[in-house]
Amino acid sequence: MRAKIKKIFSIVAVLCVILVSIKPVQVQAKTSELYTSLIQKSNDMYEYYTESGMAVAYKVKLNKNTIVIYGSMSDYAETDKISRHTYKLAKSVKFASGGGTAEDQKMSKSEFRDYLKKVNDSCLSLVLEFKNNKVVRVVISS
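Residues numbered from 1 in each chain as written. Predicted model: local features only at pLDDT ≥ 70, side-chain atom pairs only at ≥ 80, totals over all residues. Heavy atoms only, no water.

Q: Help me understand the pattern of salt bridges in this model?
A: Note that side chains of opposite charge can pair when their charged atoms are close. Applying the stated criterion across every chain, the model contains two salt bridges. Notably, a salt bridge pairs Asp-104 with Arg-137, separated by 2.3 Å at the nearest N-O pair. Residue Asp-104 is found in strand β5 (residues 102-107), and its partner Arg-137 is found in strand β7 (residues 134-141); the two are separated by 33 residues along the sequence. The partly exposed category is assigned to Asp-104, whose relative accessible area is 29%. By relative accessible area, Arg-137 is classed as partly exposed at 24%. The residue Glu-129 makes a salt bridge to Arg-137 at a minimum N-O spacing of 3.0 Å. Taking relative accessible area as the criterion, Glu-129 reaches 22% and is therefore assigned partly exposed. What you see here is one network of salt bridges that share partners, running through Asp-104, Glu-129 and Arg-137. (Salt bridge = Lys/Arg side-chain N within 4 Å of Asp/Glu carboxyl O. Helix = DSSP H or I, 4+ residues; strand = E, 2+ residues; numbered from the N terminus. Buried < 20%, exposed > 50% of the residue type's maximum accessible area, 1.4 Å probe, protein only.)

Q: It is not clear to me how unusual backbone geometry should be interpreted in this structure. Could you clarify?
A: Leaving glycine aside, a negative phi is the common case for residues, and trans is the common case for peptide bonds. The backbone of Cys-123 sits at a positive phi, close to 70°, despite the residue not being glycine. Looking at the element boundaries, Cys-123 is found in the loop between α3 (109-118) and β6 (125-131). A residue is classified by how much of its surface remains accessible, and Cys-123, at 25% relative accessible area, is partly exposed. For Asn-132, which is not glycine, the phi torsion reads 55° and is therefore positive.

Q: Quick question: what am I supposed to make of the nonpolar core here?
A: Generally speaking, soluble globular proteins have nonpolar side chains that are buried together. Counting residues in each nonpolar core, the largest one holds 23 residues, and the members touching the most others are Ile-67, Ile-69, Tyr-87, Phe-112, Leu-128, Val-135 and Val-138. Secondary structure elements with two or more residues in this core: β1 (33-38), β2 (56-62), β3 (66-71), β4 (83-99), α3, β6 and β7. Setting aside chain neighbours within four positions, we find Ile-67 in contact with Val-60, Lys-61, Leu-62, His-85, Thr-86, Tyr-87, Leu-89, Leu-128, Val-135 and Val-138. (Core = buried A, V, L, I, M, F, W, Y, C linked by side-chain atoms within 4.5 Å. Contact = heavy atoms within 4.5 Å.)

Below is the structure:
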């Protein structure tokens, strides 16, 4: 009987050591928003942005069903490596420009594409909002 109790205590002790040594794992929901800064590689600030760990986009293609971003994206906590990022657009995707306290200016996809060409080296932010893994809103913001 005494041997059984010792065996049980030793098993409990081992389990306690194992439980104490296990590090908690934080589960984090996928972000619903990503952003990047619109800046060309030829811009003097491009190197500063990349060395500072800021997200940069040196090329953006707005296609029928996707938006393709060449550069890096950030979820405000972490910036990924510079590469090509392709995101599916929701059928009801909205486009806008905004900044400060002013109300966002809604625009069509065509108007947004034209605006994007004008500000592609402005250091303005490009923000993508997601729902069900598809982009539902694209905003260029100051």
